[in-house]
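Coordinate inspection notes
Chain residues, written in single-letter form:
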Amino acid sequence: MVDDQTCTPRFAFAEPYKKPSFGAVFLWRSWSKAEKHDAHSRSRYYERPEGSVLASFLQLISGAMPMQTQPDSTPSVSVIGLGAMGSGIAQTLLEGGCTVSVWNRSREKVDALVENGAIACTGPADALDANSHVIVCLSDYQVWQQIIESHDLAPHFKDTFIIQLTTGTIDDVQAHASFIRDHGGHLVDGAVMCYPRNLGTDEAALLLSGEPDAMNHCSPILSILDATWTNLGEDINRPSVLSRSLMSGLTGAIMGLVNGAAICRAGGVPLDVFMKFNEGTNSILLSEQKRLIEAIRDGRTDETEASIKAWREGNQALISVAASLGTDLSLQHAIQEVFQKGGRKGLDEHDISALVDVFGPRK
Ligand SMILES: NC(=O)c1ccc[n+]([C@@H]2O[C@H](COP(=O)([O-])OP(=O)(O)OC[C@H]3O[C@@H](n4cnc5c(N)ncnc54)[C@H](OP(=O)(O)O)[C@@H]3O)[C@@H](O)[C@H]2O)c1
């Protein structure tokens, strides 16, 4: 856990696609609501060690914006939304030494955190007014929109740093960013790629985007949740795009696995045997995934040991076996359709990574 005086030295990266594994010392200072009227006044707390060897070195290796502050108060943050994830966030921040103000529609979740040291807010406006840094984690953006409208929150965003950790679509994220900007607030938008129990541990995974200044201001809080949170740069869509892309891989793999279990069960193969051989398949999966991504990145999708045609024939055999056993064929038919599209694009002799051209946007 984090030293509650300094709230951990942190890193502020301007460059996207890098975990902040090395960068500037960035000590925390919390902002009282009284200071929110003058956002510019905050800049005095960020002093770049200009001219120092450290500053030159950091900029050389990472494009980092090294900034340093002196801690002079306890970190403070509000959390709006105390479902499984919001409660995990609030609890982790409490354990990290923050003063945490909380609001949730259902009072019992507020009370549970108050017992652990959180401060209860009377409403979402109170939570926005209590601190200059506010984390929002609700079911979806529509719920947040309803809360904003029903509690007339628009005037409460001025000079507030909103850390939005609700899962959203590109349209949601864009509309929300405009709203926050139009009302004088600052936004860091993110996706949580772990379970609540992983927050504050090595398994935590936060993907964040936002303007560099907003990221820097929020960095100390984010670092308590995930010490190596990922800065995806200024494009506010990226956390949604990356988190959904990762989900595509996960969903495909898990659906395939469950389908395989159904086929084994229908065909009388013990699931323990399936599990044992599945472990063997998984052991090659990581290196295969790396090979596929590198082939796509480097434009080498024509080099292969197993062509799309061979994969399609293998999937056809799978369809036949599943059909004989009477299991559902919808997943295998959808996969076969993708292979056939690859064939129609003249990719039959290419590597399976060449299917990226089937999945890519229509020209
Ligand atoms: N849980 C995870 O493992 C996980 C992992 C990664 C990302 N996430 C993301 O984190 C976000 C929150 O997920 P969660 O698991 O915490 O969900 P959850 O446990 O279902 O909590 C939903 C939250 O939204 C609030 N809410 C729902 N409808 C509302 C309404 N009409 N008015 C006011 N408040 C309302 C709930 O308040 P009440 O308590 O009053 O119902 C609760 O605070 C989601 O976007 C999810 O995709 C979750």
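Calculation rules
- Chains are numbered independently. Their residues run from 1 in the order of the written sequence.
- Predicted model: local features are reported for residues with pLDDT of at least 70 only, side-chain atom pairs are reported and counted for 80 or more only, and whole-chain, interface and lining totals are derived from all residues.
- For the purposes of this entry, the term helix denotes a DSSP run of H or I that reaches at least four residues, the term strand denotes a run of E that reaches at least two, and both are numbered from the N terminus.
- Exposed residues have 12 or fewer other C-beta atoms within 10 Å of their own C-beta, buried residues have 20 or more, and partly exposed residues fall in between, where C-beta atoms are placed from the backbone.
- Distance between backbone-placed C-beta atoms decides contact: two residues are in contact if it is within 7 Å.
- Expected helix span is given by 1.5 Å per residue-to-residue step, counting one fewer step than there are residues.
- Residue proximity rests on one test: whether the C-beta atom, placed from the backbone, lies within 6 Å of the molecule or strand.
- Three categories are distinguished: nonpolar for Ala, Val, Leu, Ile, Met, Phe, Trp, Tyr, Cys and Pro, charged for Asp, Glu, Lys and Arg, and polar for the others, with Gly belonging to the last.
- Between N-to-C directions, angles span 0 to 180 degrees; the directions come from axes that are lines fitted to C-alpha atoms, helices contributing only their stretch in contact.
- For this classification, under 35 degrees means roughly parallel, over 145 means roughly antiparallel, 65 to 115 means roughly perpendicular, and everything else is oblique.
- Handedness of a helix crossing follows the sense of rotation of the near helix relative to the far helix, less than a right angle counterclockwise being left-handed and clockwise being right-handed.
- Strand pairing requires that DSSP identify at least two bridges connecting the strands.
- For every residue, the predictor assigns a confidence score, pLDDT, that lies between 0 and 100.

Time to look at the overall build of the protein chain. A count of helical and extended segments in the protein chain gives 12 helices and eight strands. Split into buried and exposed, the 363 residues of the protein chain put 36% on the buried side. At a minimum sequence separation of 6, the contacts of the protein chain that also span at least 24 residues come to 65%.

Taking 1.5 Å per residue as the helical rise, helix H11 (residues 330-344) with its 15 residues ought to reach 21 Å, and the 21 Å between its terminal C-alpha atoms agrees with that figure. Of the surrounding elements, those touching the buried residues of H11 are helix H10 (308-325) and helix H12 (356-359). Phi turns positive, to about 80°, at Gly346, one or two residues after H11.

All right, on to the site of the ligand then. In the neighbourhood of the ligand, 22 residues make up the surrounding shell, with Gly83, Met85, Arg105, Ser106 and Thr167 lying closest. Counting residues per element, the ones that place at least two in the shell around the ligand are helix H2 (84-95) and helix H5 (141-150). Here the shell around the ligand is built from residues that sort into 10 nonpolar, nine polar and three charged.

Where helix H8 (residues 238-267) contacts H10, the axes come no closer than 9 Å and their chain directions differ by 50°. Relative to H10, the element H8 is oriented oblique. Considering how the two elements wind past one another, H8 and H10 form a crossing that is left-handed. Here H8 contributes Ile263, Ala266 and Gly267 to the contact with H10, which in turn contributes Val321, Ala322 and Leu325. In the contact of H8 with H10, the residues fall into five nonpolar, one polar and no charged.

Relative to the helices and strands, Gln174 resides in helix H6 (residues 170-182). Judged by C-beta crowding, with 15 C-beta atoms within 10 Å, Gln174 ranks as partly exposed. Linking Gln174 and Ile236, residues 62 residues apart in sequence, is a C-alpha distance of 7.5 Å.

Taken in spatial order, the eight strands of this open sheet run S3-S2-S1-S4-S5-S6-S7-S8, and their pairing is mixed. The two strands at the open ends of the sheet, each matched to only one other strand, are strand S3 (119-120) and strand S8 (230-231). Direction of pairing for strand S7 (residues 206-210) relative to S8: parallel, over a ladder of two bridges. Residue Leu207 lies in a different strand from S8, and its bridge partner there is Thr230. The sheet contacts of helix H7 (residues 212-225) involve strand S1 (76-80), strand S4 (133-136), strand S5 (161-164), strand S6 (186-192), S7 and S8, and relative to S7 the element is tilted by about 170°. The sheet contacts of H8 involve S6 and S7, and relative to S7 the element is tilted by about 155°.

Low pLDDT marks stretches whose predicted atomic positions should not be read closely. The share of residues in the protein chain with pLDDT of 70 or more is 80%, and the mean pLDDT across the chain is 83. The low-confidence segment residues 1-72 (pLDDT under 50) makes 141 contacts with residues lying over four places distant or belonging to another chain.

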